[in-house]
Structure formats: structure tokens, C-alpha cells
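Architecture at a glance
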Amino acid sequence: MHMSTLCTRLAVVSMLVCLQVSASTRVNKSAEFVATDEWQVIAEGQAIPKGLHVRINLQTGLKEAKLLDPSERDTALQPQSSENKSGSGSTNDHLSIEYKADLIEESVRKVKEHRSYAELRKAYKDFQKNFRTDAEVVVQLIEEYRNFSKTPLDIELKPKLNILENLGYMLHQIDNALVFIDSGGLDDVLLPIVVNDTNTALKVSAMRVLGALAGNNPKAQIKVFERNFGSHLAQIMMSSTNSAEISTALHAFGALLRKFPLAQHRVLSTSGTQALIGLLRSADIELRNKAKVVTLIGDLVLEKRHVLDEGKEEALAQYVLLEFESWLQSNGYCAALEAVLSKDYVHMLDQADVVEQFIDALQTTESLCKPLWSQSPTLRHALLTVRNRFAHSQDEYRLEVSQALSALCERFYDKFGHTEL
């Protein structure tokens, strides 16, 4: 009797379980997602038709879906063909949410990454702590340079060059240049290198910084002039044969002198003009640097002429004692330029830009040197040779240079009736 009752109870329990499983199955199958034009929440594990727009609601974190807008239909995600083949028949009719697992995981990750206002505020404060103005960076670079040992060490060369390179970028700005000067940068960084250092790379970098600092910056020019940089640069130009060193010295020299008549008078009346003419005479100086020399000379000559033409009394008073053209003549400028063109014209045949620089110098100082140049057969031969070579070029720039040479030759030599012209 007891055994019979037990068996009866087990049969009833088994039947109830089967009915619950069957009911559950019917619920899952019947709970099909019906999409509309509005966002609807997707139940956990619920299958959805393919071709819907699915998202994670960033406020609730729930999965939602709706019908695609017409503009979105072309970009709708579709299940891969290989997945369709491997799945069951129901997979072909419905697109399970699992097909977009990567998309959902990415969306959830982005939700978690959303930081609170307090976190953003803290991050901003951290940024402010690490933020430095240009002036602060300039001061820090000076301090870093001061911390190097007084005795040159090979291990310190690269860090020093890095500091000078950073300063070269920053000191083009007038305010940064003045901060550098006021913080002792001229005295503690540049002056010791330009005057005493024997490392060419350091000197080149320091003079590049000096040129950046003084260019179009009158206040900086005055400070550079007061520390006698003009004479130091002139000495480098007279003693060095290194191309990079000469080039950067010329750059810094020009940045100091341009639009600064007092510096022009003090520097050019002593060693400055001699240094420039010495570069023209030297056989060890490359042609391109000589072109930079005559360009600087021409710029300074034209600068005074423009001031005289404008007739402004204040400017005239500053330039009246400046006798640069006389100093050029007394130092042999005309003969030096004639010798450069007569000897090096062959090297100019492939350097049209260099030829143009020399043409500009010849035109600017023509009134100063024409008596000598017009009587020079070697100069005439050099100019005509370059002109004829460029006249047969297909390059428009070379043709323009050739025309400028023709006009110059006509002014110098036409009265002698040279048929070659």
C-alpha cells in the first residue's frame, strides 16, 4: 500500500514538470519580438527578426530595437552566410541578439567609460597641474642648461643640443625671447658657447638660437649688441672655414644689424665689414655662403637708401653717420666681388638661385663699382657665359635670370659696342 502511494505521487510530479516545460517552451516561442518604429526593450535571450536597428540605451543599459529608417536600410547588419548555413532553420528566420555580440560589448564598454562630472573635474585639475606656459618652459630650459658641468663632457652634448633646438623653436616669438634674456639666457647659455666653446655643433646651434632671438626684435637686438655679440660673430667669420658655422654666423650677424643703425655703425666700422669682404676673398668658403654675404651687404645698402629717400628726420639722424658704402670701397668690395664671379662662374651654371643673388648685389652696388666692373673683361665673359647658358634653357626661372643678366650687361658694356650682347 505504501509503495503504491509513492509511485502515484512520483507520476503526478513528473507530469507537472513536463507540463511546466511545455508551457515554458510555448511562452518562449510565442514571445516573438514585434518591431515598430519606436525603440522597444529586448528581453534577455529573446530572438529578434533580422534587419532591425539595435542599440544599448546609455541611460538604462538595456538592449533596445526598432525598425530601420529608410536611410539606414543599406547599412543594416546582416548575418554571415557561413553562420546561416551552420545554424538551424530558425536562424534563417530570426537574427538572434548574439549575432551582434561584438557591437553590444563595445557599447557596454563605452557606457562604463563614461566618467562622472567629478572624475572629469579631477582630470582637468591634473591637466592644469602639468600645464606650463611658454615662459615657464623657457626658464626651465635655461635652468637645465645651467645644471650641466662647467667642463665639457661628451655625454652632455646631446642634451645640450636638444635644449638649444627647443629654444630655437620658441625664441622666434618676441615675448619668449625677452623672457630668455631677462632670465639670463644670453649670459649663461649663448655667450659662453659663441665665445669659448670649441664644439662646432654647439656653436652652430647657439648662433641659430641667437639669430632666432634677434630677428625683428628691437629689444632683443639691443641686448645682443650690448654683450658685444657683433664682434664675436665677426671673429668667427674671419677665423672659421666650416660651412655650417659660417652660414649660421651670417644669419645671426644679419639679424643683429638689420634696422639697427647704431649696431651697424659700431660693428661695420671696425671688424664687421672686413669680415664680410674676407669671406668673399677666401677660397675656402663655398659659393652659396658668398651669395649670402653679398645679399646681406645689398640689404644694408638699400636700407640706408630707403631711409634717405623717405626723408624722416628722426631716421636720418640715426643713419647720417653710417658710411657703409665707403667702408666697402676701402676694404676692396668691388674687386672681391669681381674676382668671385670671374673665377667661380662655372659653378653657377647649375645654381640659378645663387646667380640671382649675385645679380641683385651687382645692381644694388652698381653705382659704387661700375667704373671697375665695366672695364673688366673677365667679369664680362663670366656674365655672358652664364647668360647664354640660361638663355637656351627650357626652365622659365632660368630664362628670367638670363634676361636680368642681359639687362645688366647692356648697362655695363653696351657703350663699347660689343657684338656678343
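Residues numbered from 1 in each chain as written. Predicted model: local features only at pLDDT ≥ 70, side-chain atom pairs only at ≥ 80, totals over all residues. Heavy atoms only, no water.

1. Some points on the overall build of the protein
- Counting its regular elements, the protein contains 22 helices and three strands.
- A buried classification covers 39% of the 421 residues belonging to the protein.
- Taking the contacts inside the protein whose residues are at least 6 apart along the sequence as the reference set, 66% of them involve residues at least 24 apart.
- With the model as given, the accessible surface of the protein reaches about 24,600 Å², and the carbon-plus-sulfur share is 53%. (Helix = DSSP H or I, 4+ residues; strand = E, 2+ residues; numbered from the N terminus. Buried < 20%, exposed > 50% of the residue type's maximum accessible area, 1.4 Å probe, protein only. Contact = heavy atoms within 4.5 Å. Areas by Shrake-Rupley, 256 points an atom, 1.4 Å probe, with all protein chains shown as cover.)

2. Some details on the confidence of the model for the protein
- Confidence in the prediction of the protein, expressed as mean pLDDT, is 84, and 78% of residues score 70 or more.
- In the predicted structure, residues 1-8 sits below a pLDDT of 50 and forms zero contacts with residues beyond four places in sequence or in another chain.
- Every residue in residues 10-30 scores below 50 in pLDDT, and together they form zero contacts with partners more than four places removed in sequence or on other chains. (pLDDT = per-residue confidence, 0-100.)

3. Thoughts on the packing of aromatic side chains
- Using the criterion set out here, one finds five aromatic pairs in the structure.
- Here the aromatic rings of Phe 225 and Phe 260 are separated by 5.5 Å at their centres, their planes lie at 70°, and the arrangement is edge-to-face. Linking Phe 225 in helix 11 (residues 218-226) with Phe 260 in the loop between helix 13 (243-257) and helix 14 (261-281), this pair joins segments that are 35 residues apart in sequence.
- For Phe 260, a relative accessible area of 10% corresponds to the buried category.
- The rings of Tyr 333, Trp 373, Phe 412 and Tyr 413 are connected pair by pair, giving a single aromatic cluster. (Phe/Tyr/Trp six-rings, centres within 6.5 Å; stacked < 30°, edge-to-face > 60°.)

4. As for the state of the cysteines
- Counting across every chain of the model gives one disulfide.
- The disulfide bridge from Cys 334 ends at Cys 369, spanning 1.9 Å between sulfur atoms. Residues Cys 334 and Cys 369 are joined by a disulfide whose S-S torsion is about -70°; by sign, that bridge is left-handed. With Cys 334 in helix 18 (residues 333-348) and Cys 369 in helix 20 (residues 366-373), the pair connects residues that are 35 residues apart, well separated along the chain. (Disulfide = S-S within 2.5 Å.)

5. What to know about the packing of helix 20 against helix 22 (residues 396-413)
- At a minimum axis separation of 10 Å, helix 20 and helix 22 run at an interaxial angle of 65°. Taken together, the residues of helix 22 that come into contact with helix 20 (itself represented by Glu 366, Lys 370 and Trp 373) are Arg 411, Phe 412 and Tyr 413.
- Its residues assigned to classes, the contact of helix 20 with helix 22 shows three nonpolar, no polar and three charged. (Axes fitted to C-alpha atoms, helices over the stretch in contact; angles between N-to-C directions. Nonpolar A, V, L, I, M, F, W, Y, C, P; charged D, E, K, R; others polar.)

6. Focus: the pattern of salt bridges
- For the coordinates displayed, the defined rule picks out 10 salt bridges.
- With a shortest N-O distance of 2.8 Å, Glu 64 and Arg 55 are connected by a salt bridge.
- The buried category is assigned to Glu 64, whose relative accessible area is 8%.
- Residue classification places Arg 55 among the partly exposed positions, given a relative accessible area of 31%.
- Ionic pairing is found between Asp 353 and Arg 288, a salt bridge with its closest N-O pair at 2.9 Å. (Salt bridge = Lys/Arg side-chain N within 4 Å of Asp/Glu carboxyl O.)

7. What to know about a negative patch on the surface
- A contiguous patch of negative charge on the surface is contributed by Glu 356, Asp 360, Asp 395, Glu 396 and Glu 400.
- Listed by contribution, the elements that provide at least two residues to the negative patch are helix 19 (352-364) and helix 22.
- When you line up the elements, Asp 395 lands in the loop between helix 21 (377-391) and helix 22.
- Take Asp 395: its relative accessible area is 35%, and that puts it in the partly exposed class. (Patch = residues over 30% accessible without salt bridge, like charges linked within 9 Å, V, L, I, M, F, W, Y side chains within 5 Å. Lys, Arg positive; Asp, Glu negative; His and termini not counted. Charge placed at Lys NZ, Arg CZ, Asp CG, Glu CD.)

8. Quick word on the pairing of strand 2 (residues 52-56)
- Only one face of strand 2 is covered, namely the one carrying Leu 52, Val 54 and Ile 56; the face carrying His 53 and Arg 55 has none of its residues buried.
- Relative to strand 3 (residues 63-67), strand 2 is paired through five bridges, and the arrangement is antiparallel. Bridge pairing in strand 3 links Val 54 to Ala 65.
- Connecting strand 2 to the antiparallel partner strand 3 that follows it, the hairpin turn spans six residues, and Gly 61 within it adopts a positive phi of roughly 80°. (Pairing = 2+ DSSP bridges.)

9. A short note on the sheet that holds strand 3
- Here we have three strands laid out as an open sheet, ordered 1-3-2, and antiparallel in their pairing. In this open sheet, the two edge strands, each paired with only one partner strand, are strand 1 (40-41) and strand 2.

10. Some remarks on the pairing of strand 3
- Two elements, strand 1 and strand 3, share two bridges in a ladder whose sense is antiparallel. When the bridges of strand 3 are listed, Val 41 appears paired with Glu 64.

11. With respect to helix 20
- Listed as buried for helix 20 are Glu 366, Leu 368, Cys 369 and Trp 373. Angularly, the buried residues of helix 20 cover 140° about the axis, an arc narrow enough to put them on a single face. For helix 20, the exposed residues lying more than 90 degrees away from the buried face are Ser 367 and Pro 371.
- Residues of helix 20 that are buried make contact with helix 17 (324-330), helix 18, helix 19, helix 21 and helix 22. (Arc of directions from axis to C-beta.)

12. Points about the nonpolar core
- Ranked by size, the top nonpolar core spans 98 residues in total, and within it Phe 180, Leu 190, Phe 253, Tyr 333 and Phe 358 carry the most contacts.
- The element best represented in this core is helix 15 (residues 287-310), accounting for nine residues.
- Apart from the residues within four sequence positions on either side, Phe 358 is in contact with Leu 287, Lys 290, Ala 291, Val 294, Leu 337, Val 340, Leu 341 and Met 348.
- Residues Phe 33, Leu 52, Val 54 and Ala 65 belong to the second largest nonpolar core, which totals six residues. (Core = buried A, V, L, I, M, F, W, Y, C linked by side-chain atoms within 4.5 Å.)

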